[in-house]
Amino acid sequence: MAKCDEGYICQICGEDVSRISDSVLYLQYVVGWISVEVLHSHPESHIRCQPSLAQFIETSEFSPPVVIDGAFDRRQLDPQFAAARTLLLTQGFLRLLEIERHRPQLTVPEYPLESIRNSN
């Protein structure tokens, strides 16, 4: 999304990423994987267009869940790593939904998870 919240085109499917809750870019930002300074320069895609990432989101708000097979299937990964990644990305996705509901009252620096904001 970024670019003044106008929306970006998904680099994978070519469709507009019109909702923040669909944005891989903002998901990475709210969980602390990228900084606010690079939001405008990173490529965008829908969360579901990146199944290796989407498979870690476990909430009824993200339905149907994404399951992949092969080397990057989370069921094949270290269980502790998979559990930590699932917790973080699920919390990040839920934060995106919260941002979507309260967006006019929030500034972009307030978007990250509280634990990420407090660690900086």
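How each quantity is defined
Residues numbered from 1 in each chain as written. Predicted model: local features only at pLDDT ≥ 70, side-chain atom pairs only at ≥ 80, totals over all residues. Heavy atoms only, no water. Salt bridge = Lys/Arg side-chain N within 4 Å of Asp/Glu carboxyl O. Helix = DSSP H or I, 4+ residues; strand = E, 2+ residues; numbered from the N terminus. Buried < 20%, exposed > 50% of the residue type's maximum accessible area, 1.4 Å probe, protein only. Phe/Tyr/Trp six-rings, centres within 6.5 Å; stacked < 30°, edge-to-face > 60°. Lys NZ or Arg CZ within 6 Å of the ring centre and 35° of its normal. Polar contact = N/O pair within 3.5 Å; in protein donor to acceptor, adjacent residues only side chain to side chain. Core = buried A, V, L, I, M, F, W, Y, C linked by side-chain atoms within 4.5 Å. Contact = heavy atoms within 4.5 Å.

A word on the pattern of salt bridges
- Going through the model one piece at a time under the given rule, you end up with 5 salt bridges.
- Among the salt bridges present, the one from Arg74 reaches Glu58, with a minimum N-O distance of 2.0 Å. Within this pair, whereas Arg74 is found in the loop between helix H2 (51–54) and helix H3 (79–102), its partner Glu58 is found in the loop between H2 and H3, the two being separated by 16 residues in sequence.
- By relative accessible area, which is 46% here, Glu58 ends up partly exposed.
- A salt bridge links Arg75 to Asp73; its shortest N-O distance comes to 2.5 Å.
- Residue Asp73 is classed as buried on the basis of its relative accessible area, which comes to 3%.
- Salt bridges sharing partners connect three or more residues here, namely Asp69, Asp73 and Arg75.

Comments concerning the packing of aromatic side chains
- Following the criterion strictly, the structure yields 3 aromatic pairs and no others.
- Here the aromatic rings of Phe62 and Phe93 are separated by 5.1 Å at their centres, their planes lie at 70 degrees, and the arrangement is edge-to-face. One end of the pair, Phe62, is in the loop between H2 and H3; the other, Phe93, is in helix H3, with 31 residues separating them in the sequence.
- Among the residues examined, Phe62 registers a relative accessible area of 6% and is labelled buried.
- An aromatic cluster of at least three residues, connected via ring pairs, comprises Tyr26, Tyr29 and Tyr111.
- Over the ring of Phe62 we find Arg48, and its NZ or CZ is 3.9 Å from the ring centre.
- Sitting over the ring of Phe56, Arg85 keeps its end group 6.0 Å from the ring centre.

Focus on the side chain of Ser23
- By secondary structure assignment, the location of Ser23 is in the loop between strand E2 (16–17) and helix H1 (24–30).
- Among the polar contacts made by the side chain of Ser23, one reaches the main-chain amide nitrogen of Tyr26 at a distance of 2.9 Å.

Thoughts on unusual backbone geometry
- In the segment running from Ser63 into Pro64, the intervening peptide bond is cis, with an omega of 0 degrees.
- Inspection of the secondary structure puts Pro64 in the loop between H2 and H3.

A closer look at the nonpolar core
- Leu27, Ile47 and Leu96 are the most contacted members of the largest nonpolar core, which totals 28 residues.
- The set of elements that each furnish at least two residues to this core consists of H1, H2 and H3.
- Sequence-distant contacts of Leu27, that is, excluding residues within four places in its chain, are made with Ile47, Leu53, Ile57, Leu89, Gly92, Phe93 and Leu96.

Re the side chain of Thr86
- Considering the arrangement of structural elements, one finds Thr86 in helix H3.
- Only 2.7 Å separates the side chain of Thr86 from the backbone oxygen of Ala82, close enough to count as a polar contact.
- For Thr86, the contacting residues outside a window of four places in its chain are Phe56, Glu58 and Arg74.

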